[in-house]
Amino acid sequence: MTKRLSRLRIILWSLLILGLVSCGEGGLFGPNTPTPNLAVSTPTTISLPPDLSAPARIRAQGYVRVGVRYDDDPFGNVDDQGDLVGFDVDLAREFASRWLGDPQAVRFVQVTHASVSDRVRTGQVDLVIGALRRHQTTALDVDFSAPYYYDGLSLMVRSGPAVTNTVSIAGPGYLGGVAVGVVEGDDTEAPLLRDTVQALPQVVYYPDYFSTVAGLEAGVVDAVVGPRRTLERLAAGSSSLGLTPAFVLYSYAIGVPKNEGPYLDLV
């Protein structure tokens, strides 16, 4: 009976993953994020000089364009009513209130870790408040504010009394030759390899965290690396999944266009 339930669970996970991969722009957990009830962004009719500073452009257009996550509770997600909510959303409205005197003078643009640099570099957003980790790759195109949140990387492993014949993993130092699930493009592989003191792990790439956890439960990988708060959310309510202590700490910050010193200071 238990084996039949396990097989059924794997099949259901596989169907979910296929559905997620088949549509939309990729996100933290999966690309199939709901469409929020947002006012349609009306392009400004003002002809703005190309060399206009960010604060002057925001004042001229009458609203601030903010990149946020649509799938990353509690920072930014679409609730059951179709409303865009979360800490980063509230923070964006506070910027609009302080700069323009109106908390509704904000236009939200969906971003993911993969699309942040392009959104900022091409001028689609004035700033990004999207649980954005400060790391070297993104810093090539984005300047960062002071941190507003701290998190860390952890490993998710199989655990509990129902688990047998599995690898005992207490941290990255135990990953020599072990298959580890990594979300491609999520900047978690480098610190994982840096902190591995034995033979290198066998890295298996996945498009999102749903599929990495499915791979872990199916036995394809023996660990998953990711932000601790993300893994805690995915492991909630499961007696067969556990987390190791955080082994890398990092910070979240607001992203702004490069070389806008006074604007960065304002943020």
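For the structure itself, look to the data block above.
Description of the structure in this document.

Criteria and thresholds
Every chain is numbered on its own, with residues counted from 1 as its sequence reads. Local features in this predicted model are restricted to residues whose pLDDT is 70 or higher, and side-chain atom pairs enter the listing and the counts only when it is 80 or higher, whereas totals over whole chains, interfaces and linings include all residues. Each side-chain value is worked out from all heavy atoms of the structure, with water and hydrogens disregarded. Accessibility here uses a 1.4 Å probe with only protein chains present; expressed as a share of the type maximum, an area under 20% marks a residue as buried, one over 50% as exposed, and anything in between as partly exposed. We count a stretch as a helix when DSSP gives it H or I for four or more residues in a row; a strand needs E for two or more, and each element gets its number in order from the N terminus. Being paired, for any two strands, means DSSP has found at least two bridges between them. Here, a salt bridge means any side-chain nitrogen of Lys or Arg that lies within 4 Å of a carboxyl oxygen of Asp or Glu. Neither His nor the chain ends is counted toward charge; the positive residues are Lys and Arg and the negative residues Asp and Glu. Two N or O atoms form a polar contact when they lie within 3.5 Å of each other; inside protein one atom must be a possible hydrogen donor and the other a possible acceptor, and for residues adjacent in sequence the pair counts only when both atoms belong to side chains. Geometry of aromatic contacts follows a simple scheme: Phe, Tyr and Trp rings, the Trp one being its six-membered ring, pair when their centres are within 6.5 Å, and the pair is stacked under 30 degrees between planes, edge-to-face over 60, tilted otherwise. Criterion for a charge above a ring: Arg CZ or Lys NZ at most 6 Å from the ring centre, at most 35 degrees from the ring normal. Residue types Ala, Val, Leu, Ile, Met, Phe, Trp, Tyr and Cys, when buried and joined through side-chain atoms within 4.5 Å, form a set referred to as a nonpolar core.

1. Considering the pairing of strand E1 (residues 64-68)
Along E1, five of the five residues are buried, which leaves the element largely enclosed by surrounding structure. By the alternation rule, side chains of E1 split into Val-64, Val-66 and Val-68 and Arg-65 and Gly-67, which are all buried. Pairing of E1 with strand E5 (residues 106-110), which is carried by five bridges, proceeds in the parallel orientation. In the strand pairing of E5, Gly-67 is matched with Val-109. Direction of pairing for E1 relative to strand E6 (residues 127-133): parallel, over a ladder of two bridges. Residue pairing across strands places Gly-67 opposite Val-128, the latter belonging to E6.

2. Focus on the pattern of salt bridges
Enumeration over the complete set of coordinates arrives at 11 salt bridges. Between Asp-118 and Arg-121 there is a salt bridge, and its shortest N-O distance comes to 3.4 Å. Linking Asp-118 with Arg-121, this pair stays in helix H4 (residues 116-121), spanning three residues, or about one helical turn. Here Arg-229 ties to Asp-151 by a salt bridge, and the two come within 3.7 Å at their closest N and O atoms.

3. Details of the side chain of Asp-88
Structurally, Asp-88 is set in helix H3 (residues 87-100). Buried and unpaired, Asp-88 has Arg-229 as its nearest opposite-charge partner, separated by 7.1 Å. Of note is the side chain of Asp-88, whose polar atom sits 2.9 Å from the backbone nitrogen of Ala-131.

4. Some points on the packing of aromatic side chains
Ring pairs (aromatic) are described by centroid distance and by the angle formed between their planes. A complete count under the given rule lists seven aromatic pairs for this structure. Considering the side-chain rings of Phe-75 and Tyr-149, the 5.1 Å spacing of their centres and the 80 degrees angle between planes classify their relative orientation as edge-to-face. Pair noted here: Phe-75 is in the loop between strand E2 (71-72) and strand E3 (76-78) and Tyr-149 is in strand E8 (residues 149-158), with a separation of 74 residues, a long-range link. Here Tyr-149 falls in the partly exposed class, since its relative accessible area comes to 31%. Taken together, the ring pairs in this structure connect Phe-75, Tyr-149, Tyr-250 and Tyr-252 into an aromatic cluster. Over the ring of Tyr-63 we find Arg-107, and its NZ or CZ is 4.6 Å from the ring centre. Directly above the ring of Tyr-250 sits Arg-133, whose terminal nitrogen or CZ lies 4.9 Å from the centroid.

5. Description of the nonpolar core
With 21 residues, the main nonpolar core has Val-64, Val-66, Leu-84, Val-106, Phe-108, Leu-127 and Ile-129 as its most contacted residues. Counting only elements with at least two residues in this core, the list comes to helix H2 (54-61), E1, H3, E5, E6 and strand E13 (248-257). Here this core gets four residues from one element, more than from any other, and that element is H3. In terms of nonpolar packing, the next biggest core, distinct from the first, is built from 17 residues, Leu-153, Ile-169, Phe-247 and Tyr-252 among them.

6. Focus on the pairing of E8
Most of E8 sits inside the fold, with eight of its 10 residues counted as buried. Here five bridges tie E8 to E13, and the two strands are oriented antiparallel to one another. The partner of Leu-153 across the bridge, within E13, is Val-248. Inspection of the sheet shows E8 paired to strand E11 (residues 223-227) by four bridges, in the antiparallel sense. Counterpart to Leu-153 in the pairing with E11 is Pro-227.

7. Remarks on the sheet that holds strand E4 (residues 84-85)
Working definition: the strands of a sheet are paired by backbone hydrogen bonds and lie parallel or antiparallel to each other. Strand order across the open sheet formed by three strands is E2-E3-E4, with antiparallel pairing between neighbours. In this open sheet, the two strands that pair with only one neighbour each are E2 and E4. As paired elements, E2 and E3 share two bridges and run antiparallel to each other. Its bridge partner lying in E3, Asp-72 is registered against Gly-76.

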